[in-house]
Amino acid sequence: MKKEFTCIVCPMSCALTVEEKNGEIIVLGNGCKRGKEFGINEFTDPKRMVTTTVKVMGSHLKRLPVISTDELPLDHLFVYMHELYQVVLEAPVEKGQIIIENIGNSGVDIVASRSLKQIELKKENA
Amino acid sequence: MKELNVDVAVIGGGPAGLAAAIEAKEQGVDHVVILERDVELGGILQQCIHDGFGLHRFGKRLSGCGYAHHFIESVAEKAIDVKLKTIVLEITDEKIIYAMNEVDGMMKITCGAIVLAMGCRERTRSQVFIWGTRPSGVLTAGTVQRYINMEGYLPGEKAVILGSGDIGLIMARRMTLEGIEVEGVYEVMKTPGGLTRNISQCLKDFQIPMHLATTVVRIHGNKKMEGVTVAQVDEKRQPIQGTERFIPCDLLVLAVGLIPENELSRQLEVEMDPRTKGPIVDEHFMTSIPGVFAAGNVVTVFDLVDYVSLTGEIAGRGAAKFLQGKLNLDLPAKDVLPGDAVNFVVPQRIRTVNAEDSIPIYFRVKEEMRKVEVTATVDGEVCMRKKHPIALPPEMMVETIQLEKIHEDARELRVSVKVG
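Residues numbered from 1 in each chain as written. Chains lettered and ligands numbered in written order. Predicted model: local features only at pLDDT ≥ 70, side-chain atom pairs only at ≥ 80, totals over all residues.

Undergrad: Where do I start with the overall build of chain B in this structure?
TA: What chain B contains, in helices and strands, is nine helices and 30 strands. For 420 residues, the compact-globule formula gives about 22 Å, and the C-alpha radius of gyration of chain B, at 22 Å, lands near that figure. Dimensions of chain B along its principal axes, counting C-alpha atoms only, are 65 × 60 × 40 Å. Split into buried and exposed, the 420 residues of chain B put 48% on the buried side. Partitioning the contacts of chain B with sequence separation of at least 6, the portion at a separation of at least 24 is 66%. (Helix = DSSP H or I, 4+ residues; strand = E, 2+ residues; numbered from the N terminus. Rg over C-alpha atoms; globule rule 2.2 N^0.38 Å. Buried ≥ 20, exposed ≤ 12 C-beta atoms within 10 Å, placed from the backbone. Contact = placed C-beta atoms within 7 Å.)

Undergrad: Can you help me understand the overall build of chain A in this one?
TA: Broken down by element type, chain A carries two helices and ten strands. Reading the secondary structure of chain A in the N-to-C direction produces β-β-β-α-β-β-β-β-α-β-β-β. Against the 2.2 N^0.38 benchmark of 14 Å for 126 residues, chain A shows a C-alpha radius of gyration of 21 Å, more extended than a compact globule. In terms of its C-alpha atoms, chain A occupies a principal-axis envelope of roughly 75 × 30 × 20 Å. For chain A, buried positions account for 28% of its 126 residues. In chain A, 46% of the contacts between residues at least 6 apart in sequence involve partners at least 24 apart.

Undergrad: What is the right way to look at the interface of chain A and chain B in this model?
TA: One frequently used descriptor of interface size is the decrease in accessible area upon assembly of the parts. Taken together, the 21 residues of chain A in the interface contact 23 residues of chain B. Among the residues forming the side of chain A that touches chain B, the class breakdown is nine nonpolar, seven polar and five charged. (Nonpolar A, V, L, I, M, F, W, Y, C, P; charged D, E, K, R; others polar.)

Undergrad: Sorry if this is basic, but what is going on with the domain arrangement of chain B here?
TA: All names here are of chain B. Each assigned domain of chain B is listed here: domain 1 (1-121 + 258-327), domain 2 (124-256) and domain 3 (332-420). Put simply, the middle of domain 1 and the middle of domain 3, counted by C-alpha atoms, are 25 Å apart. Contacts between the two partners involve 16 residues from domain 1, matched on the other side by 15 residues from domain 3. (Domains from an automatic or database assignment.)

Undergrad: Sorry, what's going on with the environment of Asn30(A) here?
TA: All names here are of chain A. Here Asn 30 shows up in the loop between strand 3 (24-28) and helix 1 (33-44). Overall, the presence of 21 C-beta atoms within 10 Å leaves Asn 30 in the buried class. Along the backbone, Asn 30 and Ala 15 are 15 residues apart, and their C-alpha atoms lie at a distance of 7.1 Å. Those residues in contact with Asn 30, other than ones at most four positions away along the chain, are Cys 7, Cys 14, Leu 16, Gly 35, Lys 36 and Gly 39.

Undergrad: How do you make sense of the sheet that holds strand 24 (residues 342-346) of chain B when you look at a structure like this?
TA: Sheet strands line up and pair through hydrogen bonds in the backbone, either parallel or antiparallel. All names here are of chain B. With antiparallel pairing, the three strands of this open sheet are ordered in space as 24-26-29. Because the sheet does not close on itself, it has two edges, and the strands there are strand 24 and strand 29 (397-402). Averaged over all pairs of adjacent strands, the angle between strand axes in this sheet comes to 30°, irrespective of strand direction. Pairing of strand 24 with strand 26 (residues 358-365) involves four bridges; the strand directions are antiparallel. Across the sheet, residue Val 342 finds its bridge partner in strand 26, namely Val 365. (Pairing = 2+ DSSP bridges. Axes fitted to C-alpha atoms, helices over the stretch in contact; angles between N-to-C directions.)

Undergrad: Would you mind showing me how to read the pairing of strand 2 (residues 15-21) of chain A here?
TA: Note on strand geometry: in a regular strand, side chains alternate between the two faces of the sheet. Residues and elements named next belong to chain A. Across five bridges, the pairing between strand 1 (residues 2-6) and strand 2 is antiparallel. Across the sheet, Glu 4 pairs through a bridge with Thr 17, a residue of strand 2. In the sheet, strand 2 pairs with strand 3 via five bridges, with the strands oriented antiparallel. Residue Thr 17 lies in a different strand from strand 3, and its bridge partner there is Leu 28. Linking two consecutive strands that pair antiparallel, namely strand 2 and strand 3, is a turn of two residues; a positive phi of about 50° is found at Asn 22 within it.

Undergrad: What is the right way to look at the sheet that holds strand 15 (residues 214-220) of chain B in this model?
TA: Residue and element names in this part refer to chain B. Ordered in space as 10-15-16-17, the four strands form an open sheet in which the pairing is mixed. Strands at the two margins of the open sheet, each flanked by one partner only, are strand 10 (131-132) and strand 17 (245-248). Strand direction decides the pairing type here: strand 15 and strand 16 (residues 227-232), joined by six bridges, are antiparallel. Paired with Arg 218 across the two strands is Thr 229, which belongs to strand 16.

Undergrad: Would you explain the nonpolar core in this entry?
TA: General note: in soluble globular proteins, nonpolar side chains tend to be found buried as a group. Residue and element names in this part refer to chain B. One finds Val 8, Ala 9, Val 10, Ile 114, Val 115, Phe 293 and Ala 319 to be the most contacted residues of the largest nonpolar core, which totals 91 residues. There are two domains that each give this core at least three residues, and those are domain 1 (1-121 + 258-327) and domain 3 (332-420). If sequence neighbours within four positions are ignored, Phe 293 has contacts with Ala 113, Ile 114, Val 115, Leu 116, His 284, Phe 285, Met 286, Thr 287, Ala 315, Gly 318 and Ala 319. One finds Ile 161, Met 175, Val 230 and Leu 254 within the second-largest nonpolar core, a separate group that totals 35 residues. (Core = buried A, V, L, I, M, F, W, Y, C linked by C-beta atoms within 7 Å.)

Undergrad: What's the story with the environment of Val217(B) in this structure? I'm lost.
TA: One can find Val217(B) in strand 15. For Val217(B), the residues in contact, after removing those within four places along its chain, are Trp131(B), Thr229(B), Val230(B), Ala231(B), Pro239(B) and Glu244(B).

Undergrad: Got a minute to help me understand unusual backbone geometry in this structure?
TA: Excluding glycine, residues mostly carry a negative phi; peptide bonds, for their part, are mostly trans. Omega for the peptide link from Ala91(A) to Pro92(A) comes to 5°, which places this bond in the cis form. Mapped onto the fold, Pro92(A) is located in the loop between strand 8 (88-90) and strand 9 (98-100). Note that the residue after Val346(B), namely Pro347(B), is joined by a cis bond; omega there is 0°. Phi at Gln207(B) takes a positive value of approximately 50°, unusual for a residue other than glycine. By the secondary structure assignment, Gln207(B) is in the loop between helix 7 (196-203) and strand 14 (210-212). The class of Gln207(B) is exposed, set by 8 C-beta atoms lying within 10 Å. Non-glycine residue Ala213(B) carries a positive phi angle of around 50°. Within the fold, Ala213(B) resides in the loop between strand 14 and strand 15.

Structure below.
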């Protein structure tokens, strides 16, 4: 199967054509070595960083931003998102705090990408 | 009215202001204060939860909030004074700031030096003129980003994005991940406004189509948006009759450009550059008013936060030198000018007597060019040449000029780009 990608390694944005022939992956259109490597990765196992937010209580914000500690397989993205939607946290949260360890058995953790303090609850007037 | 005396006041606690305040303090300035209108420091970075920030500075792809975190911690460690929820009302040319907040009330702040770091603001519907009614559901991309990423609201179910700048592309992905159907991205120009990697990772990953030379011509619905009409445009960007198409949707996301936020600068009557829409600055990012500096997106929209932080540091160093009497302002400044194919340059002036060993010059090309040579000339004589495989309008370029290349009695420095 032939696939086409735009290389994003540098601003040149080479148009890559990648296909598998007799067990070998052939990249065409790349201007450099890094483009070949990118083409092979995109063809065999595209990966992306995962960034989203999770629900947080007791802070001045309603959402806590989180980030993966490494790239994760793109085709599982919505599976990870579903798991992250279930999370509800209580402030305070420290930047780097693990929110989900080893998400989807990938070996990658999801961590808080900022700190959030707990807000002081205002006493209600009687 | 409360009266305060400070050495350096920084207006705005985003990436430019944070870097300026930290650098001023590191250069030995005693009392530095940051005036910030939001409830916390970090500026727009706090709503930028996606990765890709800080590749130059930290060698890592951090989230926007992760990038801000480093600077906010440093501000706390250095005991820099921070006033949050504070609005600056006026700056006078005697470097007096009038500001207010709910704790201090009205304040008169007498400053040794000031750094303008107010950042930029998004263009709105009224600045791109779209016909139709005024229902709810027309929002700028930055507003949608804040609603989703910080405040936990989903502003719609089906969205159309107008404008293909980076914020629009980032929000196309973000809305898709949060379950909003993104019908497509529409761009009036023939070329995309954003970076290729964002088109690839934000649109292609999610099969979101981009329609070039197409724009939104009408908004429908009374209280709530019912849809938009899009149409292709001709060479003069006028809608082509017969190409109109109605799209039912309840959200129109505008990503139609950023403009430096310079109300305070204009009121102060600093000299402005019509090309950058920001103050004209010198090698220390000082404006036409001695002791008033400007940094980051208030000068010109940089796109890359690393550049914003660098200009903040230059301005912070400049403010410290100004207070220490190390800036000679008696000699005339040399002009830095955009040459062939260059849209603008920053800084626009240089005083070699004050400059550091090398001076970074930021500029943007007018159109896409491949296999280019950037040249810098001093009074017509070439002092720097550099080849690049490509030059693109969405990517700010920077070349560093060695001070020794600019002789003392030179009048002007010019930066040009040509193919070859």
